[in-house]
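Reading the structure
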Amino acid sequence: MDLQSGEAAMDMQSEIERLVFFEHARKLCEATYIKNPLDVDNLTKWGGALLEVAQFQKITESKLMILEGISKLEEALVIDPKKHDALWVIGNAHVSYGFLTPDQAEAIDHFENATQFFQRALEEQPGNESYQKSLELASKAPILHTEVHKHGLGPQPLGGVAGPSSSNNAKTMKQKKSSDFKYDVLGWVILAVGVVAWFNFAKSQMPVPRQ
C-alpha cells in the first residue's frame, strides 16, 4: 500500500468513526429529550448532531436532516433566545442548507438567515473567534455557492462521489476534483460544529477509550 492509499484508508476510517460518534450522540439526545423536552443544552446538541450526520447522507436526505436539526435548534431558542451556541449552530445549518440548494435566490435567503444568527451569536459572546469567522465566511457564501454548483453538485453523499467506475481517466479526474471541491466548501461549515461546539460534549458524554 502506497502512502496515498494509506492516507485515504485512514481518512475513511476517521470518517466512519465520526459518523458513529455523532449517530450515537443523536440517539442520546433523543432519549434525553423524552425525559426533559425543555433541556436547552440537549436540544442544541441534538441539532448539532443532526447537522453532522447529515454530511454523510445523499443530498435529499441531508436537506431533510438539516431541517430537522434547525427545528430542534429553534426549540432551544424559544426557551432561551440568547443561547449563543444554539444561535451559531443554527447559522451553520442555514449555510449548509443553502449550499445544497441549487436555486440561488433560495440559497441566498438561507445565507442571509445564517448571517443574522451569526451576528446574534457574536452579540451574545463578543470576541468569540469562531463566531466572528463564521460571520465573515457567510458573506462569501453566495460566491462559493456559485462555484459549488458550477462544479456540478448532484444528489450524492457529501463525503464523496458514488457511482460506477469509468474507464475514461479524464472524466474520473474531473469527478474527483468536483467531489474534493464540494467537500472542501461544505466542510468548513459542518466541521466547525464538530470541532468547537461538540468538544465539551465529547469529553463529558462519550466513554473514555481503554489504553
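Structure report, in brief. Being a predicted model, the structure only gives us computed values, none of them experimental.

Let us now look at the nonpolar core. Counting 39 residues, the largest nonpolar core has I66 and F118 as the members making the most contacts within it. Contributing elements (two or more residues each) for this core: α1 (3–35), α2 (40–54), α3 (59–79), α4 (84–99), α5 (104–124) and α6 (129–150). Top element by residues in this core is α4. It accounts for nine residues. Apart from the residues within four sequence positions on either side, F118 is in contact with W88, G91, N92, V95, S134, L135 and A138.

On to the environment of I66. As for its position among the elements, I66 is in helix α3. For I66, a relative accessible area of 1% corresponds to the buried category. Each C-alpha atom of the pair I66 and A93 lies 6.2 Å from the other, and the pair is 27 residues apart in sequence. Discounting residues that sit within four places of it in the chain, I66 has contacts with L51, A54, A93, S96, Y97 and L100.

What follows concerns the side chain of N128. Mapped onto the fold, N128 is located in the loop between α5 and α6. A distance of 2.4 Å separates polar atoms of two side chains, one belonging to N128 and the other to Q125. Looking at N128, its side chain comes within polar contact range of the main-chain nitrogen of Y131, at 3.1 Å.

Rules of the game
- Residues numbered from 1 in each chain as written.
- Predicted model: local features only at pLDDT ≥ 70, side-chain atom pairs only at ≥ 80, totals over all residues.
- Heavy atoms only, no water.
- Core = buried A, V, L, I, M, F, W, Y, C linked by side-chain atoms within 4.5 Å.
- Buried < 20%, exposed > 50% of the residue type's maximum accessible area, 1.4 Å probe, protein only.
- Helix = DSSP H or I, 4+ residues; strand = E, 2+ residues; numbered from the N terminus.
- Contact = heavy atoms within 4.5 Å.
- Polar contact = N/O pair within 3.5 Å; in protein donor to acceptor, adjacent residues only side chain to side chain.

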